[in-house]
There are 6 protein chains.
Amino acid sequence: MSGLTHIGADGAARMVDVSAKPVTAREAEAKGRVVITPETAALIRDGQAAKGDVLAVARIAGILAAKKTGELIPLCHPLPLDAVTIDLAVTGDAVEITAIARTTGRTGVEMEALTAVSIAALTIYDMVKAVDKTMRIEAVRLTRKTGGKSGDFSAP
Amino acid sequence: MSGLTHIGADGAARMVDVSAKPVTAREAEAKGRVVITPETAALIRDGQAAKGDVLAVARIAGILAAKKTGELIPLCHPLPLDAVTIDLAVTGDAVEITAIARTTGRTGVEMEALTAVSIAALTIYDMVKAVDKTMRIEAVRLTRKTGGKSGDFSAP
Amino acid sequence: MSGLTHIGADGAARMVDVSAKPVTAREAEAKGRVVITPETAALIRDGQAAKGDVLAVARIAGILAAKKTGELIPLCHPLPLDAVTIDLAVTGDAVEITAIARTTGRTGVEMEALTAVSIAALTIYDMVKAVDKTMRIEAVRLTRKTGGKSGDFSAP
Amino acid sequence: MSGLTHIGADGAARMVDVSAKPVTAREAEAKGRVVITPETAALIRDGQAAKGDVLAVARIAGILAAKKTGELIPLCHPLPLDAVTIDLAVTGDAVEITAIARTTGRTGVEMEALTAVSIAALTIYDMVKAVDKTMRIEAVRLTRKTGGKSGDFSAP
Amino acid sequence: MSGLTHIGADGAARMVDVSAKPVTAREAEAKGRVVITPETAALIRDGQAAKGDVLAVARIAGILAAKKTGELIPLCHPLPLDAVTIDLAVTGDAVEITAIARTTGRTGVEMEALTAVSIAALTIYDMVKAVDKTMRIEAVRLTRKTGGKSGDFSAP
Amino acid sequence: MSGLTHIGADGAARMVDVSAKPVTAREAEAKGRVVITPETAALIRDGQAAKGDVLAVARIAGILAAKKTGELIPLCHPLPLDAVTIDLAVTGDAVEITAIARTTGRTGVEMEALTAVSIAALTIYDMVKAVDKTMRIEAVRLTRKTGGKSGDFSAP
């Protein structure tokens, strides 16, 4: 037994069968961070005050990406989503990203929340890369999960 | 002047006009890391010896994602890609990911390489999450870039 | 309170949470019109009699677009669709388009019906633009809606 | 001869052969309008002053849609885009939409500009529909076109 | 009456209304074959023993394609999938492909299984075409179907 | 050396580097067949005479699929297409499908033509499956190829 649910007894990748699992309300929260220079942080914050566009574009990109998760991550189940929200906070040297996804379904939405964080981060990177060549995307991780038989989960 | 090329004089997001830029050969390399437990590393490494599937699935997901970059990152130009390769190395507590993208075009392929790394990382996360709840995706960044008028770039 | 359900208390765009809404049968009908010259109308009508292709292509494009609504309209919920039909009628100086969409779900299908009409209209435009440079797409609107807590709606 | 370039001699739909056409710089501008109540116009305008989100979301949706034109309109050629901009102006009873698309290629970008206008209009409709049930999308048309052998075109 | 459920009384294509059908568990199995030379079979089999990549890539492509069925086949209903598995066996002169798809829904998953087989076959073709110009994809067909009111079905 | 161009020296799948290949005009023709009962053939032929929809839908699905090839076949290069045509002929017990694709680029369009044939075949299957449970898709193969350094190719 491999312990990896996406690998069958014969070692081949497969989409795990969830047909026997109950339909329940599920929620997942993921976080991540784009580390930037203080100058870039100021630029985004000022831009934000005046027009909001860098963060607005990243938020939309993250929400759209959550809906594409099943198409991007090969063994993910396609899921209807009940809600997606993306929160973006500019600190002195980073943009902190939090995504929350909800579904009523047979599998969890961890990958949807994590995909939303990752694509929002890449979108910030894209919009700022002309002025900051040393950005890094850090600490993309699951921070909370509720619903489903594997029990609730919470981490910093 | 905002310094942000994706924001016009009126503060609105736009796809930057590249029609006057020359068509040149361009290459970008990006890296990132999925931090895992030593037990998970062993599981992937053994799985790898026997069947290769976790890493094979991540590699394919990354290559496919590079081709979708223009659809995921709102202000990216859609680009033909000449080549994409993804290298995956399992260390004691991480999977190290390197993606290289090439094009012959008017804009660079940094976002393609970074998107390939991010989606390969998420795919590893997805396949291993049943046995490791504390994974993190770290240090997603551009490590090399050649071609284009802004000059070559290299970083660790 | 902004009155706009897609904007949170903090002014940020979000996908509205529908998890507490009941699953019900919902239907929406939308209409629109491509205004063309009498010569173009005759050309489509004759084409139609002999081969049907202009209208057949537009019908298929509209049905496919209804299925892509959640991917095109950023804050739309992805929805399973139970049925989509597109009706096209060529008058003396227009193609009149009617789309009906049905789902069994937590949110309505207005946007699916409207997207089907819009893309069917653009497809007609594309196929006829070589002979008619003055076309316009007019009066794209919701004409009927049933199911859901906001009550039924009907308009000309 | 049908006069319709997308219909072959046998009456079947086809993607027209452009391989013999020269690669030239091409630009197209399209316009359209979402007709709304004065109350909705005020709501969007105020929302705009404070946060910009309704218009920001519509702008991003339009830009992304321009890049998907070849996938939405069956007989359109897939095209690399050099630039896309979307301008949105709120008047007393409408949102006026202008989209400009540019390419360096073998076919024009009329459909890209028109698709951007249509999806931006639908996105505004989606975000405002909870407070305004009588919206209409009107006057979606090509207003300017340059490049390509069929000559320049301009209309109000 | 035409007997073709996707064609309305007026002869126009439509997505058949399934809203009155019950939600039940459904499964479909499809098979197909890529006929290759004995040399190519040996090459894939050896490659398989050492690295698994040709078959691993085909398997992932087939699973991803099953999830895209509603977007590829115009009149198919978009469906959540509970499970997809793809089995690949290399014989002396062919790769035999079997795909199984499962859903809990209002319509069957025949097309999902058949699409998975077809795209897995094309992916094998793509990876091997540099060394074998005479490949053929043969015998793509439904071999089993359970669930739904039309009754179970089984064929060799 | 594996002989398989999509597999690197380390056994990992990759998108082959085509940046050094010249841009040339390329064309590929592929064929395939949906084997049906004589009754189904009559039904499609009559339907064809009256309305054309089964074949029209299959033709559009095939053209759209050709444009999605790079997204469906993991290691295919995304390509601009200059032309796609699909020819469908109903015989006594089959629908014969021929697809021709053209590009001006660095790689061939074999996979585009083969993907168009496969998805057109699946679309016919989908529209007729309610009345014919024993259909098979047979003989999907490349029949002609011109342009590119590997030389021209022709097969029955």
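Residues numbered from 1 in each chain as written. Chains lettered and ligands numbered in written order. Predicted model: local features only at pLDDT ≥ 70, side-chain atom pairs only at ≥ 80, totals over all residues. Heavy atoms only, no water.

- If you check an unreviewed UniProt entry, chain A appears there as Cyclic pyranopterin monophosphate synthase from Acidocella aminolytica 101 = DSM 11237.
- Taken directly from UniProt, the Catalytic activity (unreviewed entry) text for chain A runs: "(8S)-3',8-cyclo-7,8-dihydroguanosine 5'-triphosphate = cyclic pyranopterin phosphate + diphosphate".
- Note on chain A: under the UniProt heading Pathway (unreviewed entry), the record states "Cofactor biosynthesis; molybdopterin biosynthesis." (UniProt positions renumbered as here; feature names shortened; annotations may be inferred.)

1. Focus on the overall build of chain A
Step number 1: Helix and strand counts for chain A come out as four helices and five strands.
Step number 2: The order of α-helices and β-strands along chain A, N terminus first, is β-α-α-α-β-β-α-β-β.
Step number 3: For the C-alpha atoms alone, the extent of chain A along its principal axes is close to 50 × 30 × 25 Å.
Step number 4: Going through the 156 residues of chain A one by one, you find that 62% of them count as buried.
Step number 5: For chain A, restricting intrachain contacts to residue pairs at least 6 apart in sequence, the fraction spanning at least 24 positions comes to 71%.
Step number 6: Separation between the mean location of the 19 positive side-chain charges and that of the 18 negative ones in chain A comes to 3 Å. (Helix = DSSP H or I, 4+ residues; strand = E, 2+ residues; numbered from the N terminus. Buried < 20%, exposed > 50% of the residue type's maximum accessible area, 1.4 Å probe, protein only. Contact = heavy atoms within 4.5 Å. Lys, Arg positive; Asp, Glu negative; His and termini not counted. Charge placed at Lys NZ, Arg CZ, Asp CG, Glu CD.)

2. Comments concerning the side chain of Glu71(C)
Step number 1: Mapped onto the secondary structure, Glu71(C) falls in helix H3 (residues 69–72).
Step number 2: Non-local contacts of Glu71(C), meaning those with residues more than four positions away in its chain, are made with Leu64(A), Lys68(A), Lys68(D) and Glu71(D).

3. What about the interface of chain E and chain A?
Step number 1: At the interface, 16 residues of chain E touch 18 residues of chain A.
Step number 2: Note on chain E versus chain A: buried area summed over both sides is about 1,300 Å², and carbon and sulfur give 58% of it.
Step number 3: Taken together, the connections running from chain E to chain A amount to two salt bridges.
Step number 4: Summed over the shared surface of chain E and chain A, the result is eight residue pairs in polar contact (both at pLDDT 80 or more).
Step number 5: Every element with two or more residues in the side of chain E that touches chain A is listed here: helix H2 (53–67), strand E2 (83–90) and strand E3 (94–105) of chain E.
Step number 6: Ranked by the residues each element gives to the side of chain E that touches chain A, the list is headed by H2(E), at five residues.
Step number 7: Considered class by class, the residues forming the side of chain E that touches chain A number eight nonpolar, two polar and six charged. (Buried area = accessible area lost by both parts, 1.4 Å probe. Salt bridge = Lys/Arg side-chain N within 4 Å of Asp/Glu carboxyl O. Polar contact = N/O pair within 3.5 Å; in protein donor to acceptor, adjacent residues only side chain to side chain. Nonpolar A, V, L, I, M, F, W, Y, C, P; charged D, E, K, R; others polar.)

4. A few points about the packing of helix H2 (residues 53–67) of chain A against helix H2 (residues 53–67) of chain D
Step number 1: Two numbers describe how H2(A) lies on H2(D): the axes approach to 10 Å, and their chain directions differ by 60°. When the interaxial angle is binned, H2(A) and H2(D) end up oblique. Seen along the crossing, H2(A) lies across H2(D) with a hand that is right-handed. Along its contact with H2(A), which presents Asp53(A), Ala56(A), Val57(A), Arg59(A), Ile60(A) and Leu64(A), the element H2(D) presents Asp53(D), Ala56(D), Val57(D), Arg59(D), Ile60(D) and Leu64(D).
Step number 2: Per-class residue counts for the contact of H2(A) with H2(D) are eight nonpolar, no polar and four charged. (Axes fitted to C-alpha atoms, helices over the stretch in contact; angles between N-to-C directions. Parallel < 35°, antiparallel > 145°, perpendicular 65-115°, else oblique. Left-handed = near helix turned anticlockwise from the far one by under 90°.)

5. Overview of the relation of the copies chain B and chain A
Step number 1: Overlaying chain B with chain A gives an RMSD of 0.0 Å, the required rotation being 180° about an axis along which the chain moves by 0.0 Å. With respect to symmetry, the two chain copies, as superposed, fit the operation of a two-fold axis. In terms of proximity to the rotation axis, the leading residue of chain B is Glu138(B), whose C-alpha is 2.2 Å off the axis.
Step number 2: Comparing interface residues between copies, 100% of those in chain B also lie at the interface in chain A; the contact surface is shared. (Least-squares fit on C-alpha atoms with pLDDT ≥ 70 in both.)

6. Observations concerning the UniProt feature "binding site: substrate" (unreviewed entry) in chain A
Step number 1: Mapped onto this numbering, the UniProt entry annotates "binding site: substrate" (unreviewed entry) at Leu75(A), Cys76(A), His77(A), Met111(A) and Glu112(A). In terms of the greatest pairwise C-alpha distance, the residues named above, spread along 38 residues, form a tight cluster of at most 12.7 Å across.
Step number 2: Topologically, Cys76(A) is positioned in the loop between helix H3 (69–72) and strand E2 (83–90).
Step number 3: Overall, Cys76(A) belongs to the buried group, its relative accessible area being 7%.
Step number 4: Ignoring sequence-local partners within four residues, the contact set of Cys76(A) consists of Met15(A), Thr69(A), Gly70(A), Met111(A), Asp126(B) and Lys67(E).

7. Thoughts on the relation of the copies chain E and chain A
Step number 1: For the pair chain E and chain A, the relating rotation is 120°, the translation along its axis is 0.0 Å, and the fit reaches an RMSD of 0.0 Å. Here the symmetry operator amounts to a three-fold rotation axis. Minimal C-alpha distance to the rotation axis in chain E is attained by Pro80(E), lying at 4.6 Å.

8. Quick look at the arrangement of the chains
Step number 1: Regarding chain B and chain C, which are not in contact, the minimum distance between any of their C-alpha atoms is 10 Å.
Step number 2: One finds no contact between chain A and chain F; the C-alpha atoms of the two approach each other to within 10 Å at their closest.

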